[in-house]
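One letter stands for each residue in the lines below.
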Amino acid sequence: MSNVAGKAYGMNVVTPMQPSLTWINRALFMASRAIPSTLKGLLGLSIIHFARWIIIKRKQWPDLGQGKQSLQNDYMLFCSNFNGTWDQYIDAFADGIPSGLDLFWYASMKYPASIPISAFKSYITRNQFHTGYYYNATPGSAQRDIKAALKLYAELKCLAEKYRATGSNPNDFAAEYRKSLARIQNCLGSPGYAPIASLDTANADINRAPFVIEQAHKTAAGATALPPP
């Protein structure tokens, strides 16, 4: 699936808006930036890397060689990166800020509201564009994994400085090491595997594995049999 890179999923949703209502959505965005507490339900979702709503007016579409666009509606572009599966994300979003979602998509045509969730999921599915290319710098790590690694790195640097300050005394260093270990013990767990986004894809990978291994062995054997230059 092109939308998935390791543990992360990239989502792009484009919904049409009536131009006469675009200014209302813009005002709602300005209010949410001025009062961040309105998004506290969203900020508390640790599975989310990034989420952004962008208003694109009908005269702002770029001309990349396809010619000038003649559109009747403005559009809302929603971009997000998150950990987990598509269903988990939509469920968490609707549970976290249902009223916020209804405000952000207020002017979007045929928006059904975030509750009940089934209609909201259908709406996102119909308006989502699958990502053709999705790059993730840390595919094996979720947001929590990265935060844990940064905390561990900072603690190791601090421990190294204390080691130099104590004059390499084994007893003093051992005491500082135990204190550091207690502070970062929750950051030492395995990041684990990414969730299965598609059982069909997972089964295909399992069935394809023997063929891939066999081809790798043949390639390695061929490289070994080549005469020296």
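Above this text is the structure in question.
Below you will find a few notes about this structure. What you see is a predicted model, and the numbers here were worked out from it, not measured in a lab.

## With respect to the packing of aromatic side chains
Consideration 1: For the structure shown, the criterion picks out 15 aromatic pairs.
Consideration 2: Residues tryptophan 61 and tyrosine 75 carry aromatic rings whose centres are separated by 5.6 Å and whose planes lie at 85° to one another, so their mutual orientation is edge-to-face. Separated by 14 residues along the polypeptide, tryptophan 61 in the loop between β3 (48-56) and β4 (74-83) and tyrosine 75 in strand β4 bring together distant segments of the chain.
Consideration 3: The exposure class of tryptophan 61 is partly exposed, given its relative accessible area of 28%.
Consideration 4: Considering the side-chain rings of phenylalanine 78 and phenylalanine 93, the 5.9 Å spacing of their centres and the 55° angle between planes classify their relative orientation as tilted. Taken as a pair, phenylalanine 78 in strand β4 and phenylalanine 93 in helix α3 (residues 86-96) lie far apart in primary sequence, 15 residues in all.
Consideration 5: Take phenylalanine 78: its relative accessible area is 1%, and that puts it in the buried class.

## Considerations on a nonpolar patch on the surface
Consideration 1: A surface patch of nonpolar side chains, amounting to about 270 Å² of accessible area, comprises Tyr177, Leu181 and Leu188.
Consideration 2: Residue placement: leucine 188 occurs in the loop between α7 (170-184) and α8 (199-225).
Consideration 3: Using a relative accessible area of 46% as the deciding quantity, one classes leucine 188 as partly exposed.

## A look at the nonpolar core
Consideration 1: One finds Met11, Trp53, Phe93 and Trp105 to be the most contacted residues of the largest nonpolar core, which totals 28 residues.
Consideration 2: Among the elements of the structure, β2 (8-17), β3, β4, α3, α4 (98-104) and α5 (117-127) are those that each provide at least two residues to this core.
Consideration 3: It is α3 that contributes the most residues to this core, 5 residues altogether.
Consideration 4: Those residues within four positions of tryptophan 105 in sequence are excluded, and the remaining contacts are Thr15, Asn25, Trp53, Met76, Phe78, Tyr111, Phe120 and Ile124.

## A word on the layout of surface pockets
Consideration 1: Computed from the structure, the largest pocket encloses a volume of approximately 450 Å³.
Consideration 2: Together, 20 residues line the largest pocket, and Leu39, Ala51, Arg52, Trp53 and Phe104 are the ones closest to its centre.
Consideration 3: Secondary-structure elements contributing two or more residues to the lining of the largest pocket are α1 (22-34), α2 (40-43), β3 and α6 (143-165).
Consideration 4: The dominant element in the lining of the largest pocket, judged by the number of residues it contributes, is β3, at 8 residues.
Consideration 5: Of the residues contributing to the lining of the largest pocket, the split by class is 12 nonpolar, 4 polar and 4 charged.

## A word on the pattern of salt bridges
Consideration 1: Counting across every chain of the model gives 5 salt bridges.
Consideration 2: For aspartate 74, the salt bridge identified is with arginine 58, shortest N-O distance 3.5 Å. One end of the pair, aspartate 74, is in strand β4; the other, arginine 58, is in the loop between β3 and β4, and 16 residues separate them in sequence.
Consideration 3: Aspartate 74 sits in the buried class, given a relative accessible area of 3%.
Consideration 4: Arginine 58 gets classed as partly exposed once you look at its relative accessible area, which sits at 30%.
Consideration 5: Taken together, the salt bridges that share partners define one network made up of Asp87, Asp91 and Lys121.

## Looking at the side chain of asparagine 127
Consideration 1: Looking at the secondary structure, you find asparagine 127 in helix α5.
Consideration 2: Residue class for asparagine 127 comes out buried when judged on its relative accessible area of 14%.

## Examining α7
Consideration 1: With 15 residues, α7 ought to run about 21 Å at 1.5 Å a step, and its terminal C-alpha atoms sit 21 Å apart, in line with that.
Consideration 2: Regarding α7, the residues found buried are Glu176, Ser180 and Ile184. Angularly, the buried residues of α7 cover 65° about the axis, an arc narrow enough to put them on a single face. Exposed residues on α7 whose side chains face more than 90 degrees from its buried face are Pro170, Asn171 and Arg178.

## Some words on unusual backbone geometry
Consideration 1: In this model, isoleucine 115 is joined to proline 116 through a cis peptide bond whose omega is 5°.
Consideration 2: On the secondary structure map, proline 116 appears in the loop between α4 and α5.
Consideration 3: Even without being a glycine, lysine 110 presents a positive backbone phi close to 65°.
Consideration 4: On the secondary structure map, lysine 110 appears in the loop between α4 and α5.

Procedures and definitions
Residues numbered from 1 in each chain as written. Predicted model: local features only at pLDDT ≥ 70, side-chain atom pairs only at ≥ 80, totals over all residues. Heavy atoms only, no water. Phe/Tyr/Trp six-rings, centres within 6.5 Å; stacked < 30°, edge-to-face > 60°. Helix = DSSP H or I, 4+ residues; strand = E, 2+ residues; numbered from the N terminus. Buried < 20%, exposed > 50% of the residue type's maximum accessible area, 1.4 Å probe, protein only. Patch = residues over 30% accessible without salt bridge, like charges linked within 9 Å, V, L, I, M, F, W, Y side chains within 5 Å. Areas by Shrake-Rupley, 256 points an atom, 1.4 Å probe, with all protein chains shown as cover. Salt bridge = Lys/Arg side-chain N within 4 Å of Asp/Glu carboxyl O. Core = buried A, V, L, I, M, F, W, Y, C linked by side-chain atoms within 4.5 Å. Contact = heavy atoms within 4.5 Å. 1 Å grid on protein atoms, 1.4 Å probe; cavity = no way out; pocket = protein on both sides within 12 Å on 5 of 7 lines; lining within 4 Å. Points joined across faces, edges and corners; volume = space filled by probe spheres on them. Nonpolar A, V, L, I, M, F, W, Y, C, P; charged D, E, K, R; others polar. Expected span 1.5 Å × (residues − 1). Arc of directions from axis to C-beta.

Nothing here speaks to function; it is all geometry.
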